[in-house]
Amino acid sequence: MAAAVFHQVIGTPHSSLHHEFRENTLRLNSNNFRLEIGVSRRVCHRSDQRNFCVVKASTSQTSVFDPVSSPSTNNTNNSKKKSNETALILMRHGESLWNEKNLFTGCVDVPLTKKGVEEAIEAGKRISNIPVDMIYTSALIRAQMTAMLAMTQHRRRKVPIIIHNESEQARTWSEIFSEDTKKQSIPVIAAWQLNERMYGELQGLNKQETADRYGKEQVHEWRRSYDIPPPNGESLEMCAERAVAYFKDQIEPQLLSGKNVMIAAHGNSLRSIIMYLDKLTSQEVISLELSTGIPMLYIFKEGKFIRRGSPVAPTEAGVYAYTRGLAQYRQKLDEMFH
Ligand SMILES: O=C(O)[C@H](O)COP(=O)(O)O
């Protein structure tokens, strides 16, 4: 994916703004993310009675930082230091209107049902004590609704903000001019690569009627086999080619840099990602089923993904005892909000 370049202008009270641009003031680099912060007379809008500096980032990501007290950052002076472990939450969207009608949905952009809304809120309660620094969703509304509704339950009370990188205007028109506000924000990246598998000519068809017409085995093969695509649609393998590639290129570097990440996506895009995380074979993935609105927690540590299962409830201590970092984060939330 071609990297986008954007400029973020942020307000700052410091007189150091009048220094010449120092190219290496702050530089963050990873495979997919490059950030330079510098100050230049050329870009300082002195006539505006406010001071500005320029943050220049080369990425398809965001400039909404999250230096708050998550396990990944609370023991460092800045968020550049690599963390020992980070949390990865995967969440399939809540029930959609077409799930309810038992229709093949794929890339058709259908919203949640009331039950789906409730599932998303319930999922949010389950992860309400787990740190989230960045959110990735598909480009589809059911995943985005799920992520947003889940975050209404998070105890940290940060605001998920959808990042608009689609054009220069979209970027500049959605700029945030307060450092404090940014710190209370979670960037949300919507990526089509995380979309549901494209179901081809099955999209909009009733699943039961399709099984009656083509046979149960054939439909099961289309729905669950690894490499057999539905008519003119994507097989799981094809879906993995873009979803897992996106995960490796864009999301893993965030985890590596110490960010805790939540992904709200779909049955099959998440199945392909779980296949990669859990090193499942193409046989094993056939029986992998994901329920709507159930979060799954992984810990990313020393380059490995450790499956922790699904947090049962916010009150359930067990899941937080899995790692010291998570337990500490939870304790900090208790201190802050009680
Ligand atoms: O796209 C769909 O219809 C569902 O979200 C997933 O369908 P599946 O259970 O057939 O994979």
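The structure presented is a predicted model; accordingly, all values stated were derived computationally and were not measured.

### So, the environment of Lys207
As for its position among the elements, Lys207 is in helix H6 (residues 207-214). For the pair Lys207 and Asn99, spaced 108 residues apart in sequence, the C-alpha to C-alpha distance is 9.8 Å.

### Remarks on the packing of aromatic side chains
One pass over the full model with this rule turns up 6 aromatic pairs. Pairing Tyr136 with Tyr246 gives two aromatic rings, centres 6.0 Å apart and planes at 75°, and the pair type is edge-to-face. Note that Tyr136 is positioned in strand S6 (residues 134-137) and Tyr246 in helix H8 (residues 236-256), a separation of 110 residues in sequence. Its relative accessible area of 0% is what places Tyr136 among the buried residues. Judged by centre distance (6.0 Å) and plane angle (65°), the ring pair of Phe247 and Tyr276 falls under edge-to-face. Taken as a pair, Phe247 in helix H8 and Tyr276 in helix H9 (residues 267-277) lie far apart in primary sequence, 29 residues in all. Look at Phe247 and you get buried, because its relative accessible area is 0%. Each residue in the set Phe247, Tyr276, Phe300 and Phe305 is aromatic and connected to the rest through ring pairs, giving one cluster. Over the face of the ring belonging to Phe104 we find Lys207, whose NZ or CZ atom lies 5.3 Å from the ring centre.

### Examining the UniProt feature "active site" (unreviewed entry) in the chain
In the numbering used here, UniProt assigns the feature "active site" (unreviewed entry) to His93 and Glu196. Taking the farthest pair of C-alpha atoms as the criterion, the annotated set spanning 104 residues converges on one region, since that pair is 10.4 Å apart. Summarising the element assignment, His93 is placed in the loop between strand S5 (85-92) and helix H1 (97-100). In contact with His93, other than residues within four places in its own chain, are Asn99, Leu112, Arg142, Ala143, Thr146, Ala265, His266, Thr292 and Gly293. Engagement of the side chain of His93 in a polar contact is seen with the side chain of Arg142, the distance being 3.4 Å. The residue Glu196 is located in the loop between strand S8 (185-190) and H6 in this model. Not counting chain neighbours up to four residues away, the residues in contact with Glu196 comprise Gly106, Cys107, Leu140, Arg142, Glu234, Arg242, His266, Gly267, Asn268 and Ser269.

### Focus: the sheet that holds strand S10 (residues 295-301)
Spatial ordering of the open sheet is given by S7-S8-S6-S9-S5-S10-S11, a layout of 7 strands whose pairing is mixed. Two strands bound the open sheet, and with one partner strand each, they are strand S7 (159-162) and strand S11 (304-309). Between one strand and the next, the sheet's axes are offset by a mean angle of 25°, whatever the strand orientation. With 3 bridges joining them, S6 and S8 adopt parallel strand pairing. If you follow Ile135 over to S8, its bridge partner there is Val188.

Cut-off values and rules
Residues numbered from 1 in each chain as written. Predicted model: local features only at pLDDT ≥ 70, side-chain atom pairs only at ≥ 80, totals over all residues. Heavy atoms only, no water. Helix = DSSP H or I, 4+ residues; strand = E, 2+ residues; numbered from the N terminus. Phe/Tyr/Trp six-rings, centres within 6.5 Å; stacked < 30°, edge-to-face > 60°. Buried < 20%, exposed > 50% of the residue type's maximum accessible area, 1.4 Å probe, protein only. Lys NZ or Arg CZ within 6 Å of the ring centre and 35° of its normal. UniProt positions renumbered as here; feature names shortened; annotations may be inferred. Contact = heavy atoms within 4.5 Å. Polar contact = N/O pair within 3.5 Å; in protein donor to acceptor, adjacent residues only side chain to side chain. Pairing = 2+ DSSP bridges. Axes fitted to C-alpha atoms, helices over the stretch in contact; angles between N-to-C directions.

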